[in-house]
Amino acid sequence: MRIDKYLWSTRYFKTRNIASTACKKGQVKVNDQVVKPSREVYPMDKIIVRKDQINLQLTVLDTPKSRVGAKLVDIYRKDTTPKEAFEHNELLKQAKEHYRKKGTGRPTKKDRRDIEEYLDAPEAAPDDFVQKE
């Protein structure tokens, strides 16, 4: 079975086109060699797939005839990805949040207008703070 079809049928990629594009970009290795989408996969091959900044490692146990359900994926592959890879991804997420919280950053148009209105406003006199009815 072709590597792009295998990765699609074992649900590593949503479409076969995305799987073949990943192969063309060099994000898929079989036995530590970058492969083309047409490369055949055999049982006991070791595959490394770079997806979402994680190097997923798997061993081919068997090749399915077509796309399989999520519950049946473990029949056809053995996931050997170390836990450190996922922990590293969590650290990256926390580091990004540390530098800039979500929602803070570049001001929106409303924020900019409020800032300009504040800066253009004349000095407030004490009478301006009286509530008007």
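Everything discussed here concerns the structure shown above.
Our subject in this report is the structure included herewith. (Residues numbered from 1 in each chain as written. Predicted model: local features only at pLDDT ≥ 70, side-chain atom pairs only at ≥ 80, totals over all residues. Heavy atoms only, no water.)

**Describing the pairing of strand β3 (residues 46–51)**
Now for step 1: Direction of pairing for strand β1 (residues 28–30) relative to β3: antiparallel, over a ladder of 3 bridges. Residue pairing for β3: K29 is matched across the bridge by I48.
Now for step 2: One ladder, built from 6 bridges, connects β3 with strand β4 (residues 54–60); its direction is antiparallel. Note that in β4 the partner of I48 across the bridge is Q57.
Now for step 3: Turn length for the β3-β4 hairpin, with the two strands adjacent in sequence and antiparallel, is 2 residues, and the turn residue D52 shows positive phi of about 55°. (Pairing = 2+ DSSP bridges. Helix = DSSP H or I, 4+ residues; strand = E, 2+ residues; numbered from the N terminus.)

**Looking at the side chain of T59**
Now for step 1: By secondary structure assignment, the location of T59 is in strand β4.
Now for step 2: On the accessibility criterion, T59 (6% relative accessible area) is buried.
Now for step 3: Every residue in contact with T59, bar those within four places of it in the chain, is listed here: M44, D45, K46, Y76, R77, K78 and T80. (Buried < 20%, exposed > 50% of the residue type's maximum accessible area, 1.4 Å probe, protein only. Contact = heavy atoms within 4.5 Å.)

**A look at unusual backbone geometry**
Now for step 1: Positive phi, close to 75°, is recorded for M44, a residue that is not glycine.
Now for step 2: Mapped onto the secondary structure, M44 falls in the loop between β2 (33–34) and β3.
Now for step 3: Positive phi is not limited to glycine here, since D52 has a value of about 55°.
Now for step 4: Looking at the secondary structure, you find D52 in the loop between β3 and β4.

**Brief notes about the sheet that holds β1**
Now for step 1: With respect to topology, 5 strands assemble into an open sheet ordered β2-β1-β3-β4-β5, the strand pairing being antiparallel. Lying at the two open borders of the sheet, with one neighbouring strand each, are β2 and β5 (77–79).
Now for step 2: Direction of pairing for β4 relative to β5: antiparallel, over a ladder of 3 bridges. Its bridge partner lying in β5, T59 is registered against K78.

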